[in-house]
Amino acid sequence: MRDFHRLQVLETREEIDGRAKTVVFEVPPQRTETFAWRPGQHITLRFRLNGEELRRSYSVSASPFSGEPMRITVKRVKRGRVSNHINDHVKRGDTLEVMPPFGGFCLDPGHRLRRTHYFFAGGSGITPLFAMLNSALCAEPHSFCHLVYGNQDAGSIILRSELDALLVAHPRRLTVSHVLSRPSLFSSFGFWRRGRIDRAAIDAHFSENPPYAQDAQYYVCGPGAMNGAVRAGLMDLDVPVNRIHMESFGGNQMIDDSVSGVAANASVRLNGSVTNVPVKKDQTLLQAMRDGGLDPPFSCQSGVCGACAAKLTGGKVHMRARMALEDADVAKGRILTCQSVPVTEELSVRFG
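The model shown is predicted, which means the values in this text are computed figures rather than measured ones.

K.L.:
Mind showing me how you'd approach the sheet that holds strand 10 (residues 193-194) here?
P.N.:
Two orientations exist for strands paired in a sheet by backbone hydrogen bonds: parallel and antiparallel. Taken in spatial order, the six strands line up as 10-9-8-7-11-12 in an open sheet, and their pairing is parallel. Each edge of the open sheet carries a strand with a single partner, namely strand 10 and strand 12 (244-248). Relative to strand 12, strand 11 (residues 215-222) runs parallel, the two sharing five bridges. Bridge pairing in strand 12 links V220 to M246. Across the sheet, helix 4 (residues 199-208) touches strand 7 (115-122), strand 8 (144-151), strand 9 (174-180), strand 10 and strand 11, and the angle it forms with strand 7 is around 150 degrees.

Structure follows, in structure tokens:
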């Protein structure tokens, strides 16, 4: 199961004028295998602030193929207790509680593969995509990467200097197209397009950057509205749904709270033991398990990170949100316990 480990902060650095911070971790040799990550995965941090336990998931923004240590880049969120705590207080030498990397939103490079990777990022959604495209450039030498990155203005571009460095290092295999919604009149930054990442931007991007290889993959990470627009645009262009990979960062998510759920009994297999847990009407499985004294894995509790995922082996549930799962996952019985309410009076759930 996913346990927390104490890791020391090796280094921190401010991003976008103090509106974000990169935190670099020192992973001891005996934990190297535990904290090995796939490009696109995230880690969960646990804090105790003012007597309350708070957990948040953040994508690893480094490539495991570049030789860099594990790191996250955390953008401040208005009234965000954890994001602001990290930006204001976390420093070199601190020790933080960290859950090992997880998540299925990944790009696994192959040295012999020839692919075209298209990335669509909005705001802090660049963090997992940066790890992905850097990995493809490092470990998939016959493939090409194209990034469309949306922000408010040039000063909001996270990891801008690192993207510029990759462009210099891989001028024939990487393109970066910046889309700015409110560019400054006094900035000399040469962006690609004004506005948002919409259907017109998608069409223009593909016109300028057609696939080099027949195997084209599409990765989307940003606010829910942007994700939905990009997905719809790609599907209108007949992109197969199994080639579209998405994760949501911020903004409104696609939520279906039309089902209140019924009172039920859930048989939960966790850490090798089976426990019967009563679930109240309109209560999520995660809430019921925690109320019943169990300690299941969880993090964001909004359906985005996937830390609470389990397999439904009996009964039926309604998931109010499932951004962390793809259709193939759901078809195999995967559920997000933080978003699942019972539809039948008897359920069986298995972790691991």
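Anyway, onward from the coordinates.
K.L.:
I keep staring at the packing of aromatic side chains and nothing clicks. Help me out?
P.N.:
Both the distance between ring centres and the angle between the ring planes are used here to describe each pair of aromatic rings. Counted by the stated rule, this structure contains six aromatic pairs. Ring centres of F144 and Y212 lie 4.3 Å apart, and the angle between their planes is 45 degrees; this geometry places the pair in the tilted category. Placement of the pair is F144 in strand 8 and Y212 in the loop between helix 4 and strand 11, with a sequence separation of 68 residues. Through a chain of ring-to-ring contacts, the aromatic side chains of Y118, F120, F206 and Y218 assemble into a single cluster. The ring of F298 has R55 lying over it, and the distance from NZ or CZ to the ring centre is 4.0 Å. Its end group placed over the ring of W192, R193 keeps NZ or CZ at 5.8 Å from the ring centre.

K.L.:
Looking at this structure, I do not really get unusual backbone geometry. What am I missing?
P.N.:
Residues other than glycine predominantly adopt negative phi, and peptide bonds predominantly adopt the trans conformation. The residue N50 is not glycine, and still its phi comes out positive at about 55 degrees. Along the polypeptide, N50 turns up in the loop between strand 3 (42-49) and strand 4 (52-59). Exposure remark for N50: the relative accessible area of 81% places this residue in the exposed category.

The rules behind the values
- Residues numbered from 1 in each chain as written.
- Predicted model: local features only at pLDDT ≥ 70, side-chain atom pairs only at ≥ 80, totals over all residues.
- Heavy atoms only, no water.
- Pairing = 2+ DSSP bridges.
- Helix = DSSP H or I, 4+ residues; strand = E, 2+ residues; numbered from the N terminus.
- Contact = heavy atoms within 4.5 Å.
- Axes fitted to C-alpha atoms, helices over the stretch in contact; angles between N-to-C directions.
- Phe/Tyr/Trp six-rings, centres within 6.5 Å; stacked < 30°, edge-to-face > 60°.
- Lys NZ or Arg CZ within 6 Å of the ring centre and 35° of its normal.
- Buried < 20%, exposed > 50% of the residue type's maximum accessible area, 1.4 Å probe, protein only.

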